Amino acid sequence: MHLDWTALGQVAAVSVGVTVAVVVVFAFGVLGLARLKGAREQPGGASALGLTQAALCFLACAAVVAYGIYLIVPQFH
(Lines give C-alpha, C1' and ligand atoms only; values in the text may rest on other atoms or scores of the structure.)
Protein backbone atom coordinates (compact mmCIF):
# COMPACT_ATOMS: atom_id res chain seq x y z
CA MET A 1 0.00 0.00 0.00
CA HIS A 2 1.37 3.36 -1.02
CA LEU A 3 0.35 6.63 0.59
CA ASP A 4 0.86 9.94 -1.13
CA TRP A 5 2.01 11.90 1.91
CA THR A 6 2.26 15.14 -0.04
CA ALA A 7 -1.39 14.98 -1.05
CA LEU A 8 -2.40 14.07 2.50
CA GLY A 9 -0.46 17.05 3.83
CA GLN A 10 -2.07 19.36 1.28
CA VAL A 11 -5.56 18.17 2.22
CA ALA A 12 -4.80 18.63 5.91
CA ALA A 13 -3.37 22.12 5.36
CA VAL A 14 -6.34 23.23 3.26
CA SER A 15 -8.78 21.79 5.81
CA VAL A 16 -7.13 23.64 8.68
CA GLY A 17 -6.92 26.84 6.65
CA VAL A 18 -10.57 26.79 5.61
CA THR A 19 -11.65 25.94 9.15
CA VAL A 20 -9.74 28.89 10.59
CA ALA A 21 -11.10 31.17 7.85
CA VAL A 22 -14.72 30.15 8.51
CA VAL A 23 -14.29 30.67 12.26
CA VAL A 24 -12.79 34.15 11.69
CA VAL A 25 -15.58 35.13 9.28
CA PHE A 26 -18.19 33.86 11.75
CA ALA A 27 -16.55 35.91 14.50
CA PHE A 28 -16.77 39.01 12.29
CA GLY A 29 -20.47 38.23 11.85
CA VAL A 30 -20.95 38.12 15.61
CA LEU A 31 -19.03 41.41 15.83
CA GLY A 32 -21.47 42.89 13.32
CA LEU A 33 -24.41 41.81 15.48
CA ALA A 34 -22.73 43.39 18.50
CA ARG A 35 -22.28 46.62 16.55
CA LEU A 36 -25.96 46.47 15.59
CA LYS A 37 -26.99 46.10 19.22
CA GLY A 38 -24.64 48.89 20.30
CA ALA A 39 -25.96 51.21 17.60
CA ARG A 40 -29.55 50.58 18.67
CA GLU A 41 -28.75 51.46 22.28
CA GLN A 42 -27.18 54.80 21.32
CA PRO A 43 -29.33 57.49 19.73
CA GLY A 44 -28.30 58.31 16.19
CA GLY A 45 -26.19 55.17 15.75
CA ALA A 46 -25.71 53.68 12.29
CA SER A 47 -27.13 50.18 12.55
CA ALA A 48 -27.13 49.37 8.84
CA LEU A 49 -23.38 48.76 8.74
CA GLY A 50 -23.45 46.17 11.53
CA LEU A 51 -26.44 44.39 10.03
CA THR A 52 -24.83 44.30 6.58
CA GLN A 53 -21.56 43.00 8.01
CA ALA A 54 -23.32 40.27 9.96
CA ALA A 55 -25.48 39.22 7.03
CA LEU A 56 -22.56 39.01 4.60
CA CYS A 57 -20.39 37.07 7.04
CA PHE A 58 -23.10 34.56 7.91
CA LEU A 59 -23.97 34.19 4.23
CA ALA A 60 -20.32 33.45 3.45
CA CYS A 61 -20.20 30.82 6.21
CA ALA A 62 -23.38 29.21 4.92
CA ALA A 63 -21.95 29.16 1.38
CA VAL A 64 -18.77 27.41 2.54
CA VAL A 65 -20.80 24.81 4.45
CA ALA A 66 -23.12 24.25 1.48
CA TYR A 67 -20.14 23.82 -0.85
CA GLY A 68 -18.60 21.29 1.55
CA ILE A 69 -21.83 19.30 1.63
CA TYR A 70 -21.97 19.48 -2.18
CA LEU A 71 -18.47 18.01 -2.36
CA ILE A 72 -19.21 15.21 0.11
CA VAL A 73 -22.60 14.00 -1.17
CA PRO A 74 -22.21 12.16 -4.49
CA GLN A 75 -25.87 12.55 -5.51
CA PHE A 76 -25.33 16.28 -6.04
CA HIS A 77 -22.78 15.78 -8.82
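Refer to the structure above for everything that follows.
Residues numbered from 1 in each chain as written. Predicted model: local features only at pLDDT ≥ 70, side-chain atom pairs only at ≥ 80, totals over all residues. Heavy atoms only, no water.

Caption draft 1: View of the environment of T52. Take T52: it is sitting in helix α2 (residues 48–72). Separated by 10 residues in the primary sequence, T52 and Q42 place their C-alpha atoms 18 Å from one another. At 2.7 Å, the side chain of T52 and the backbone oxygen of A48 are in polar contact. (Helix = DSSP H or I, 4+ residues; strand = E, 2+ residues; numbered from the N terminus. Polar contact = N/O pair within 3.5 Å; in protein donor to acceptor, adjacent residues only side chain to side chain.)

Caption draft 2: Spatial organisation of the packing of aromatic side chains. By the definition in use, this model includes two aromatic pairs. For the pair Y67 and Y70, a centre-to-centre distance of 6.3 Å together with 25° between the ring planes defines the contact as stacked. Separated by three residues within a single helix, Y67 and Y70 lie in helix α2, roughly one turn from each other. Judged by its relative accessible area of 34%, Y70 is partly exposed. (Phe/Tyr/Trp six-rings, centres within 6.5 Å; stacked < 30°, edge-to-face > 60°. Buried < 20%, exposed > 50% of the residue type's maximum accessible area, 1.4 Å probe, protein only.)

Caption draft 3: Spotlight on helix α1 (residues 5–41). Given a rise of 1.5 Å per residue, 37 residues ought to cover 54 Å, and the 54 Å separating the end C-alpha atoms of α1 matches this to within 8%. Structurally, α1 contributes buried residues whose contacts are with α2. (Expected span 1.5 Å × (residues − 1). Contact = heavy atoms within 4.5 Å.)

Caption draft 4: Representation of the side chain of Q53 within the structure. As for its position among the elements, Q53 is in helix α2. When its relative accessible area of 18% is taken as the criterion, Q53 is described as buried. Of the polar contacts made by the side chain of Q53, one reaches the backbone oxygen of F28; its length is 2.9 Å. Contacts of Q53, omitting those with residues within four sequence positions, involve F28, L31, G32 and R35.

Caption draft 5: Representation of the packing of α1 against α2 within the structure. The interhelical angle for the contact between α1 and α2, taken along N-to-C directions, is 155°, at an axis separation of 7 Å. When the axes of α1 and α2 are compared, the pair comes out roughly antiparallel. Considering only the axes of α1 and α2, their crossing is left-handed. Packed against α1, whose contacting residues are V18, V22, V25, F26, F28, G29, V30, L31, G32, L33, R35 and L36, the element α2 presents G50, L51, Q53, A54, C57, F58, A60, C61 and V64 at the interface. Tallied by class, residues from the contact of α1 with α2 come to 16 nonpolar, four polar and one charged. (Axes fitted to C-alpha atoms, helices over the stretch in contact; angles between N-to-C directions. Parallel < 35°, antiparallel > 145°, perpendicular 65-115°, else oblique. Left-handed = near helix turned anticlockwise from the far one by under 90°. Nonpolar A, V, L, I, M, F, W, Y, C, P; charged D, E, K, R; others polar.)

Caption draft 6: Examining α2 more closely. In this model, α2 (25 residues) spans 36 Å end to end at C-alpha, consistent with the 36 Å of a helix rising 1.5 Å per residue. Of all the positions in α2, only G50, Q53, A54, C57 and C61 are classed as buried. Looking at the buried residues of α2, the elements they touch are α1.

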